[in-house]
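Letter by letter, the chains look like this.
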Amino acid sequence: MQTTVSEPIIFEGIGLHKGLWSKLAILPANIDSGICFKRVDIKAGNNFIPAVLNNVVDSELCTRLANSDGASVSTIEHLMAALTGCGVNNAFLEINGPEVPILDGSALAFVKAILKTGIKLQQQSLKAIRILKTVEHKDGLAWAKFQPSTSPKMSFSIEFSDAAIGTQSKTLDMSNGSFVRELCDSRTFCRYSEVEAMRSKGLALGGSYENAVVVDGENVLSPGGLRHSDEPVRHKMLDALGDIALAGYPIIGHYIGNRAGHGITHGLLRSLFSDKANFEIISCDKETVDNLPGSGVKLSEVCKLA
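Quick summary incoming for the structure in this document. (Residues numbered from 1 in each chain as written. Predicted model: local features only at pLDDT ≥ 70, side-chain atom pairs only at ≥ 80, totals over all residues. Heavy atoms only, no water.)

### A word on the sheet that holds strand E4 (residues 35-39)
Working definition: the strands of a sheet are paired by backbone hydrogen bonds and lie parallel or antiparallel to each other.
And step 1. The strand order E2-E3-E9-E4-E5 describes an open sheet built from five strands, whose pairing is mixed. Here the strands that pair on one side only, and so sit at the sheet edges, are strand E2 (9-14) and strand E5 (48-50). Sheet twist, expressed as the average angle between the axes of neighbouring strands with direction ignored, equals 20°.
And step 2. Pairing geometry for E2 and strand E3 (residues 21-27), over six bridges, is antiparallel. Note that in E3 the partner of Gly13 across the bridge is Ser22.
And step 3. Relative to E4, helix H1 (residues 77-85) is tilted by about 145°, and along the sheet it contacts E3, E4 and strand E9 (91-95).
And step 4. Set on the sheet, helix H2 (residues 108-117) makes contact with E2 and E3; between it and E2 the angle comes to about 165°. (Pairing = 2+ DSSP bridges. Helix = DSSP H or I, 4+ residues; strand = E, 2+ residues; numbered from the N terminus. Axes fitted to C-alpha atoms, helices over the stretch in contact; angles between N-to-C directions. Contact = heavy atoms within 4.5 Å.)

Rendered as structure tokens:
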């Protein structure tokens, strides 16, 4: 069955890149609503922005959506990952600014609040996308692909010159709460050498050691160090799950990413949808629903910080 949140959930905080304070409300939504943002601070024109691939616009270092009237919202990927990882299919997201609050740089606060508030079952069958053929999108050394799989899986590899990150790879079966147990607390990260360049472009203005992991060579500059020895690759998987959610349906297949960022995953989704032979849309039976990322997940399963 489809799901929504049981009650409104409120967050407040600064945005990572523009550094602007905003208030976000996750509200219950009707059957077949999907995920949709509303810019409540915009009073003229269309201020609704459905969280779907067709609304993705070019942006640096995050995922940004915009509608035909130019209303936009950015840094949505952590919130989208939390909704997917908790099994929420329908939600109405009211926000009074252009950027989702970054909070601690992970999806942890979103996940905890969603699971604490509770998820409401809706009397309508859930549809999903089943991958039928291998599809790939590549740009230089970065690439991602979907492969057929009986369950949702994810593999990711990264390689950085900074010894604090180095080469990392991880594979997870994303069924039955793996996201909340393994990935949701992993924070966004950057290299200290890149901070000034980003800020000169008007980016990372709200970034701090409290909402991002900052590395410099072999050193982790953020207080407390890493939450996991492989936190960077876990965060890349978190981002990818949030971006994949823009397909509009859960995806049953194996996502494999290598040095892939938001643009690569968006390009992979476009390649997938470019040929109907690549996939099929199915109505999920109970067994299929039980193997989706957020099925049956409980607050007690959320990854515990040391």
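### A look at the layout of surface pockets
And step 1. The calculated volume of the second largest pocket comes to roughly 860 Å³.
And step 2. In terms of lining residues, the second largest pocket is bounded by 38 residues, among which Leu61, Thr188, Phe189, Cys190 and Met198 are the most central.
And step 3. Every element with two or more residues in the lining of the second largest pocket is listed here: H1, strand E14 (153-159), strand E16 (189-191), helix H4 (192-200), helix H5 (231-244) and helix H6 (262-273).
And step 4. Split by residue class, the lining of the second largest pocket holds 18 nonpolar, eleven polar and nine charged. (1 Å grid on protein atoms, 1.4 Å probe; cavity = no way out; pocket = protein on both sides within 12 Å on 5 of 7 lines; lining within 4 Å. Points joined across faces, edges and corners; volume = space filled by probe spheres on them. Nonpolar A, V, L, I, M, F, W, Y, C, P; charged D, E, K, R; others polar.)

### Things to note about the packing of H1 against H2
And step 1. Two elements in contact, H1 and H2, have axes whose closest approach is 9 Å; the angle formed by their N-to-C orientations is 35°. Crossing angle aside, the handedness with which H1 passes H2 is right-handed. Where H1 approaches H2, its residues His78, Leu79, Ala82 and Leu83 are matched on the opposing element by Phe110, Val111 and Ile114.
And step 2. A breakdown of the residues in the contact of H1 with H2 according to their chemical character gives six nonpolar, one polar and no charged. (Left-handed = near helix turned anticlockwise from the far one by under 90°.)

### Side note on the pattern of salt bridges
And step 1. For the structure on display, the rule yields twelve salt bridges.
And step 2. Between Asp41 and Arg39 there is a salt bridge, with the nearest N and O atoms lying 2.8 Å from each other.
And step 3. In this structure, the salt-bridge partner of Lys170 is Asp230, at a minimum N-O distance of 3.8 Å. Pair noted here: Lys170 is in strand E15 (residues 167-173) and Asp230 is in the loop between strand E18 (219-220) and H5, with a separation of 60 residues, a long-range link. As far as burial versus exposure is concerned, Lys170 and Asp230 are alike and both buried.
And step 4. Several salt bridges converge on common partners, so that one network encompasses Lys170, Glu182, Asp230 and Arg234. (Salt bridge = Lys/Arg side-chain N within 4 Å of Asp/Glu carboxyl O. Buried < 20%, exposed > 50% of the residue type's maximum accessible area, 1.4 Å probe, protein only.)

### Considerations on the nonpolar core
Soluble globular proteins tend to bury their nonpolar side chains together.
And step 1. Residues Ile26, Phe37, Val111, Phe179 and Tyr255 are the most contacted members of the largest nonpolar core, which totals 73 residues.
And step 2. Among residues more than four places away in sequence, those in contact with Ile26 are Val5, Glu7, Pro8, Ile9, Phe11, Leu79, Leu83, Ala91, Phe92, Leu93 and Ile114.
And step 3. Listed in part, the seven residues of the second largest apolar core include Leu126, Ala128, Ile282 and Leu292. (Core = buried A, V, L, I, M, F, W, Y, C linked by side-chain atoms within 4.5 Å.)

### Examining H2
And step 1. Those residues of H2 not exposed but buried are Leu108, Phe110, Val111, Ala113, Ile114 and Leu115.
And step 2. Against the buried residues of H2 lie strand E1 (2-5), E2, E3, H1, strand E10 (119-122) and helix H3 (178-183).
And step 3. Where H2 ends, the next residue or the one after it, Gly118, has phi of about 110°, a positive value.

### Overview of the pairing of E9
And step 1. With burial as the criterion, only one face of E9 is covered, namely that bearing Ala91, Leu93 and Ile95; the residues Phe92 and Glu94 on the opposite face remain uncovered.
And step 2. Bridge analysis of E3 against E9 gives four bridges, and the strand direction is antiparallel. The residue of E9 that forms the bridge with Ile26 is Leu93.
And step 3. In this sheet, E9 lies alongside E4 in parallel orientation, the contact comprising five bridges. Across the sheet, Ile35 pairs through a bridge with Ala91, a residue of E9.

### What to know about the environment of Met154
And step 1. Take Met154: it is sitting in strand E14.
And step 2. The spatial distance from the C-alpha of Met154 to the C-alpha of Ile281 is 20 Å, given a sequence separation of 127 residues.
And step 3. The residues touching Met154, leaving out its near neighbours within four places in the chain, are Lys170, Thr171, Leu172, Met174, Met237, Ala240, Leu241, Ile244, His254 and Tyr255.

### Things to note about the packing of H5 against H6
And step 1. Where H5 meets H6, the axes come as close as 10 Å, and the angle between the chain directions of the two elements is 35°. Along this stretch, H5 crosses H6, giving a crossing that reads as right-handed. Counting all contacts with H5, which are made through Asp239, Ala240, Asp243 and Ile244, the residues of H6 involved are His262, Thr265, His266 and Leu269.

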